[in-house]
Amino acid sequence: MKNNNIIYLIGMPGSGKTYLGKKLANIFGYHFIDLDFYIETKENKTIEEIISENSESYFRNLEREHLLNLAVDKVIVDKVINNQKIIISCGGGLPCYFDNINLLKFSGKVIYLDTSLWKIYKRCLKSNRRPLFKNKITLFFKLLKTKKKRLPYYLQADYTIKL
C-alpha cells in the first residue's frame, strides 16, 4: 500500500538529495533520514570502509537490508502511525539493485533529482565521501557511464525535478 507520508529522494551521488531533503524537511516540518548516514550509524563504519573492507556487492546487500529495516524501525513506524511525513534520501545506486525501485514506489512517493552532470562533477571533485568516484582523472566519464546505466531506474520515479 502506497504511503503518501513517505517521500524518497533518488538520483546520482552529488545530485543534492541530502541537502534538498534536509531543507525541505526543515521547511515543512518533516522527519529527515539520510539512508547512507543511517547505514553508517548502524554499522559503525563509513560507506567507504564498508565497500573497501568487503565489496560493492556486499554493500548493496547491506543497503537493501537497512532499507527493509527502516520499515520496521520504531521511530519510523511511530511517525507513520502518527501521520507525520518523512523524507528519505537514498544512496545513488539503491534504486538500481534488486527490486528496490519497486519497493520505494510501493511504500511512498519517489522523486528523482535530475541534476546536470556538470554540477555533479564539480561537487564530486570537492567531496571525499563518494567511494565509487575517487579517481578524479576519469571522474566525468565514470559519472556519464553511471548515469546512463542508472537512468532507466531513476525515470521510474513518480516525479522528476530538474536541477
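Here goes a summary of the coordinates provided. Note that the structure is predicted; figures quoted are calculated from it, not measured.

Within this structure, the stated rule accounts for five aromatic pairs. Taking the centre distance of 6.0 Å and the plane angle of 45° together, the rings of Phe 28 and Tyr 30 count as tilted. Residue classification places Tyr 30 among the partly exposed residues on the basis of a relative accessible area of 23%. Ring-pair connections join several aromatic residues into one group, and the members of that group are Trp 118, Tyr 121, Phe 140 and Phe 141.

Looking now at helix H2 (residues 35–43). For H2, the complete set of buried residues consists of Leu 35, Tyr 38, Ile 39 and Glu 40. Close packing links the buried residues of H2 with strand E2 (31–34), helix H3 (47–53), helix H4 (56–72) and strand E3 (86–89). The distance from a side-chain oxygen at the start of H2 to the backbone nitrogen of Asp 36 is 2.9 Å, and the residue carrying that oxygen is Asp 34. Positive backbone phi, at 55°, marks Asn 44, one or two positions downstream of H2.

Thresholds, definitions, all that
- Residues numbered from 1 in each chain as written.
- Predicted model: local features only at pLDDT ≥ 70, side-chain atom pairs only at ≥ 80, totals over all residues.
- Heavy atoms only, no water.
- Phe/Tyr/Trp six-rings, centres within 6.5 Å; stacked < 30°, edge-to-face > 60°.
- Buried < 20%, exposed > 50% of the residue type's maximum accessible area, 1.4 Å probe, protein only.
- Helix = DSSP H or I, 4+ residues; strand = E, 2+ residues; numbered from the N terminus.
- Contact = heavy atoms within 4.5 Å.
- Polar contact = N/O pair within 3.5 Å; in protein donor to acceptor, adjacent residues only side chain to side chain.

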